[in-house]
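Chain by chain, the residues:
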Amino acid sequence: MTPAPFPLTWLYVPGDRPHVVTKALASGADVVVIDLEDAVAPDRKDCARAATADLLAHPQPVPVHVRINGLGTPWSEADLRDLLGLPGLAGLRLPKVTGPDDIHRVTARSAALPLYGLLESALGIEHAYAIATAHPALRGISLGEADLQADLGVYDDIGLDWSRSRIVVAARAAGLAPPPQSVHPDTRDLKGLATSCARGRALGFLGRAAIHPRQLPIIERAYLPTLAELEQAEMIIKAATTEQGAQALPDGSFIDAAVVATARRTLSLLNRR
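Residues numbered from 1 in each chain as written. Predicted model: local features only at pLDDT ≥ 70, side-chain atom pairs only at ≥ 80, totals over all residues. Heavy atoms only, no water.

**Let's talk about helix 9 (residues 190-203)**
Between its first and last C-alpha, helix 9 extends 20 Å over 14 residues, near the 20 Å set by a 1.5 Å rise per residue. Buried residues of helix 9: Gly192, Leu193, Cys197 and Gly200, and no others. In an axial view of helix 9, the angular spread of the buried residues amounts to 135 degrees, which keeps them on one side of the axis. Facing away from the buried side of helix 9 by over 90 degrees, the exposed positions are Lys191, Thr195 and Ala202. The inward-facing, buried residues of helix 9 contact strand 7 (208-210) and helix 10 (216-223). Following helix 9 by one or two positions, Gly204 adopts a phi angle in the positive range, close to 110 degrees. (Helix = DSSP H or I, 4+ residues; strand = E, 2+ residues; numbered from the N terminus. Expected span 1.5 Å × (residues − 1). Buried < 20%, exposed > 50% of the residue type's maximum accessible area, 1.4 Å probe, protein only. Arc of directions from axis to C-beta. Contact = heavy atoms within 4.5 Å.)

**So, the packing of aromatic side chains**
Centre-to-centre distance and the angle between the planes together describe a pair of aromatic rings. Evaluation of the coordinates by the stated rule reveals one aromatic pair. Ring centres of Trp10 and Tyr116 lie 5.7 Å apart, and the angle between their planes is 65 degrees; this geometry places the pair in the edge-to-face category. On the criterion of sequence distance, the pair formed by Trp10 in strand 1 (residues 9-14) and Tyr116 in strand 5 (residues 115-119) is long-range, its members being 106 residues apart. Each of the two residues, Trp10 as well as Tyr116, counts as buried. The positively charged end of Lys45 is found above the aromatic ring belonging to Trp75, 5.0 Å away from the centroid. (Phe/Tyr/Trp six-rings, centres within 6.5 Å; stacked < 30°, edge-to-face > 60°. Lys NZ or Arg CZ within 6 Å of the ring centre and 35° of its normal.)

**Let's talk about the packing of helix 2 (residues 45-56) against helix 3 (residues 74-83)**
Interaxial distance between helix 2 and helix 3 falls to 10 Å at its minimum, and their mutual angle equals 15 degrees. Taken together, the axes of helix 2 and helix 3 lie roughly parallel to each other. For the pair helix 2 and helix 3, the sense of crossing is right-handed. Residues Lys45, Arg49, Thr52 and Ala53 of helix 2 form the contact with helix 3, whose own contacting residues are Trp75, Ala78, Asp79, Asp82 and Leu83. (Axes fitted to C-alpha atoms, helices over the stretch in contact; angles between N-to-C directions. Parallel < 35°, antiparallel > 145°, perpendicular 65-115°, else oblique. Left-handed = near helix turned anticlockwise from the far one by under 90°.)

**Brief notes about unusual backbone geometry**
Positive phi, close to 55 degrees, is recorded for Lys96, a residue that is not glycine. For Lys96, a relative accessible area of 33% corresponds to the partly exposed category.

**As for the pairing of strand 3 (residues 64-67)**
Taking every second residue as pointing to the same face, both faces of strand 3 are buried, with Val64 and Val66 on one and His65 and Arg67 on the other. Pairing geometry for strand 2 (residues 31-35) and strand 3, over four bridges, is parallel. Residue pairing across strands places Ile34 opposite Val66, the latter belonging to strand 3. Summarising the sheet, strand 3 and strand 4 (residues 91-94) pair through three bridges and their orientation is parallel. Across the sheet, residue Arg67 finds its bridge partner in strand 4, namely Arg93. (Pairing = 2+ DSSP bridges.)

**Structural notes on the sheet that holds strand 5**
Spatial ordering of the open sheet is given by 6-5-4-3-2-1-7, a layout of seven strands whose pairing is parallel. Unpaired on one side and paired on the other, strand 6 (138-143) and strand 7 mark the two borders of the sheet. Across this sheet, the average inter-strand angle for adjacent strands is 25 degrees, counted without regard to direction. Summarising the sheet, strand 4 and strand 5 pair through three bridges and their orientation is parallel. Bridging across to strand 5, Leu94 finds its partner in Gly117. Where helix 4 (residues 100-107) meets the sheet, its contacts fall on strand 4, strand 5 and strand 6, and the angle it forms with strand 4 comes to roughly 145 degrees.

Here it is as structure tokens:
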């Protein structure tokens, strides 16, 4: 199963807890991401991989991606060996990507499976556009903010804003979908999550990774268009079908081809599933 055109929620779950994975599949998340990397202790890696392979031996009701272990490690080699080709696997998320060669290492083994690169270091951010254009199998890039924050040595959230804008620009310049935001680590701080999502939307992100089902409705609400936005988009599309070229709406706002494209994307978010 392939993801919806505009998935808004990407729910991460630890691969060594099959019962949690089962709950995640019924959570309503657009994409479930089974994490074999950060969420799994070294002595549980083999167990997590085996449980994930058992699950993905069969098609799943929602798209399931797997975040494999760091490329070049024995764990990642085993992940690729055991998971590639399974019918339930909809995509791979590659951690700590620093350059195009990391993408090529995987496409050399599977050139068709959708890949998503996680940029988690200063070097990865520096190479963002080269990574985003590395191979047609790469369908998206996103930030791993915890690792990036540690690498940059920044302690205030604002210190990540340049990197956030950089990855949004790189993704769009490469013709990829707008990236989803990184996780909000405090699963009980729903007000803070909503505030952060609003800022992410303003920066050009689309959707967000989550680590608990309670975060999903907050993310959806933040990224789905409001009634006012829908009405404006419908007005723009209606005007665009009756006249050509740049024009002004009755409320005085100016529209052109770029504004029409934005309106179409706004309306398309209602038909994601």
